[in-house]
Amino acid sequence: MTKEPLKNQAYRIIRDNICSCVYAPGSIINEELIREDIHMSRTPIRDALSRLEQEGLIRIMPKKGIVISEITVRELNMLYETRSLLEPYVVKHYGSQVPPDIWLHYYRLYHDYLDGKTKDYSYDLMDESFHQVFIDASQNSYFRNLYSTIGSQIRRTRVVSGRASKPRLEATVQEHITIVDAALKNDWKAASAAMQHHLNMSKNAIFDYILKQEG
């Protein structure tokens, strides 16, 4: 088994820290902090930072530090415009390709959370994977590549809005359940509409949070 190159490991770990808001939007960090966090030398870290800067997740400011890109109103508008064009379409046209047991899995997972059987909300298991199921069902490499491109910003908005409001997490679960209910009934028009509603509510929540921060 080929070992993952250090520069790739550094990139993956730093990117995860940015996406999960360990390094908060708008904060300033430095190489020393990163070295302490991920226990790697300067070379793979600098390679990773160069790649992350190209992706727009950071700005490297010589002699000042590394600025974690903020989530701006313009960025949010572009992100949710893209998601609104892609995700409801994929739900409507490809949701039927997903086996029903997948929807039953999410139905149980979400109800366990609402019933208190699952204490912590998992972005990986309960949010990211749920949306990814539809993208993967399309088997369209262009859709997958596009979703991967915006994936970092999607995860950051999820984490920020979820931290800002626990009721938003519960609302997200209820919105996902509505999508799942429609999927189990093979009502893909309703599932698509429910996905669009979910995206609208998510956008409103993150906008409210960002505007309050700016105010």
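Calculation criteria
Every chain is numbered on its own, with residues counted from 1 as its sequence reads. The model is predicted, so local features are restricted to residues of pLDDT at least 70 and side-chain atom pairs to those at 80 or more, both for listing and for counting; the totals for chains, interfaces and linings are taken over all residues. With hydrogens and water stripped out, all remaining heavy atoms of the structure feed into the side-chain values. The way it works is that DSSP assigns letters per residue, a run of H or I at least four long becomes a helix, a run of E at least two long becomes a strand, and they are numbered from the N terminus. Throughout, the radius of gyration refers to the C-alpha atoms, and the reference size of a globule is 2.2 Å times the residue count to the power 0.38. Three exposure classes are used, based on accessible area relative to the maximum for each residue type with a 1.4 Å probe and protein chains only: buried under 20%, partly exposed in between, and exposed over 50%. Contact between two residues is taken to exist if any of their heavy atoms lie within 4.5 Å; hydrogens are not considered. For every accessible area listed, the method is Shrake-Rupley and the probe measures 1.4 Å; residues are considered covered only by the protein chains on display. Positive charges are assigned to Lys and Arg, negative charges to Asp and Glu, while His and the chain termini are left out of the count. Here the site of a charge means atom NZ of a Lys, CZ of an Arg, CG of an Asp or CD of a Glu. Known as pLDDT, the predictor's per-residue confidence is scaled from 0 to 100. Only Phe, Tyr and Trp rings take part, Trp by its six-membered ring, and two of them pair if their centres are within 6.5 Å. Stacked means planes under 30 degrees apart, edge-to-face means over 60, and tilted covers everything else.

### Observations regarding the overall build of the protein chain
So, step 1. Within the protein chain, the secondary structure is distributed over 10 helices and 3 strands.
So, step 2. In the protein chain, the succession of helices and strands from N to C terminus is α-β-α-α-β-β-α-α-α-α-α-α-α.
So, step 3. Computed over C-alpha atoms, the radius of gyration of the protein chain comes to 19 Å, within 12% of the 17 Å expected from 2.2 N^0.38 for 215 residues, which places it in the range of a compact globule.
So, step 4. Referenced to the eigenvectors of the C-alpha coordinate spread, the extents of the protein chain come out at roughly 55 × 50 × 35 Å.
So, step 5. In the protein chain, buried positions account for 42% of the 215 residues.
So, step 6. Expressed as a percentage of contacts within the protein chain between residues at least 6 apart in sequence, the contacts between residues at least 24 apart total 74%.
So, step 7. For the protein chain, the accessible surface area stands at approximately 12000 Å², while carbon and sulfur atoms represent 50% of it.
So, step 8. The distance from the centre of the 28 positive side-chain charges to the centre of the 27 negative ones in the protein chain is 3 Å.

### Side note on the confidence of the model for the protein chain
Low-pLDDT portions of the prediction should not be read for the details of their coordinates.
So, step 1. This prediction gives the protein chain a mean pLDDT of 91; 96% of its residues lie at or above 70.
So, step 2. The element-level mean pLDDT for the protein chain is lowest in helix α8 (residues 151-164), coming to 79, with helix α4 (residues 73-94) highest at 96.

### Observations concerning the packing of aromatic side chains
So, step 1. Scanning the entire structure with this criterion turns up 9 aromatic pairs.
So, step 2. Each ring, one from Y89 and one from F143, has its centre 6.2 Å from the other, and the planes form 75°; the classification is edge-to-face. Linking Y89 in helix α4 with F143 in helix α7 (residues 141-149), this pair joins segments that are 54 residues apart in sequence.
So, step 3. Overall, F143 belongs to the buried group, its relative accessible area being 19%.
So, step 4. Considering the side-chain rings of Y106 and F130, the 5.2 Å spacing of their centres and the 75° angle between planes classify their relative orientation as edge-to-face. In this pair, Y106 sits in helix α5 (residues 100-114) while F130 sits in helix α6 (residues 123-138), placing the two residues 24 residues apart along the sequence. Take Y106 and F130: they sit in the same class, and that class is buried.

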